[in-house]
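Remarks on the overall topology
As a plain string of letters, each chain reads:
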Amino acid sequence: GQQLNQSPQSMFIQEGEDVSMNCTSSSIFNTWLWYKQDPGEGPVLLIALYKAGELTSNGRLTAQFGITRKDSFLNISASIPSDVGIYFCAGQLTGANSKLTFGKGITLSVRP
Amino acid sequence: DAGVTQSPTHLIKTRGQQVTLRCSPKSGHDTVSWYQQALGQGPQFIFQYYEEEERQRGNFPDRFSGHQFPNYSSELNVNALLLGDSALYLCASSLVFQGRDNEQFFGPGTRLTVL
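Residues numbered from 1 in each chain as written. Chains lettered and ligands numbered in written order. Predicted model: local features only at pLDDT ≥ 70, side-chain atom pairs only at ≥ 80, totals over all residues. Heavy atoms only, no water.

1. Quick word on the state of the cysteines
One covalent bond between the sulfur atoms of two cysteine residues makes up a disulfide. All names here are of chain A. Counted according to the given criterion, the structure contains 2 disulfides over all chains. Across a sulfur-sulfur distance of 1.9 Å, Cys23 and Cys89 are joined as a disulfide pair. Because the sign of the S-S torsion sets the handedness, a value of about 55° for the bond joining Cys23 and Cys89 places this disulfide among the right-handed ones. Linking Cys23 in strand β3 (residues 19-24) with Cys89 in strand β9 (residues 85-92), this pair joins segments that are 66 residues apart in sequence. By relative accessible area, which is 0% here, Cys23 ends up buried. Residue classification places Cys89 among the buried residues on the basis of a relative accessible area of 0%. (Disulfide = S-S within 2.5 Å. Helix = DSSP H or I, 4+ residues; strand = E, 2+ residues; numbered from the N terminus. Buried < 20%, exposed > 50% of the residue type's maximum accessible area, 1.4 Å probe, protein only.)

2. Remarks on the sheet that holds strand β1 (residues 5-7) of chain B
Residue and element names in this part refer to chain B. Judged by pairing direction, the sheet is antiparallel, and its 4 strands sit side by side in the order β1-β3-β8-β7 without closing on themselves. At either end of the open sheet lies a strand with only one pairing partner, and these are β1 and β7 (64-68). Recorded for the sheet is a direction-independent mean angle of 20° between the axes of neighbouring strands. Note that strand β3 (residues 19-24) and strand β8 (residues 74-78) share 5 bridges and pair antiparallel. The residue of β8 that forms the bridge with Cys23 is Ser74. (Pairing = 2+ DSSP bridges. Axes fitted to C-alpha atoms, helices over the stretch in contact; angles between N-to-C directions.)

These results come straight from atomic positions and should not be treated as a statement about function.
Here it is, written out as structure tokens:
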């Protein structure tokens, strides 16, 4: 099935650093979402974006919906150890078609 | 406020067997979606249920079937299990309200191992 493009597969940063993650698609989506998944758990919604160009923050997290509607990025500022996990982007079309299409995820490691 | 719950947590089956996984949506939610997450991959959409009917289906064979009950809980059934069906099966619930059914909340998943 289709997946969004997330790279690199893994990222290693120092505690306190900022990190940015990008997600791209060959298809347009009307909604972009960012999820975080910890081991043994399901993905948890971090940020949802509903409008092209929209910039939304949730604490230390900031995400943007690309103006082409084919990409999104997530920025984490001043990283802390609990930011460790797998970050997934997901795209969604609204209306009757509301399935989520996910990327492969980026595993983030934070060195203390 | 109870979140999405799934049972069982883990399951081991052998090839050819059948399995049923269960999901209770978040309180107040009426739509249930099922996803398959293979190791190292993102979740893949299987199907979605609303008002006890399959609303949309992903690219999965007919061996995968589901059901939604009047209380909005749902089951995922997989027949004739293959080794490749080994994965984490995630249930997500959402609320269809004024068309904004975008925010799906996930359960912890059921880890299925097929031997």
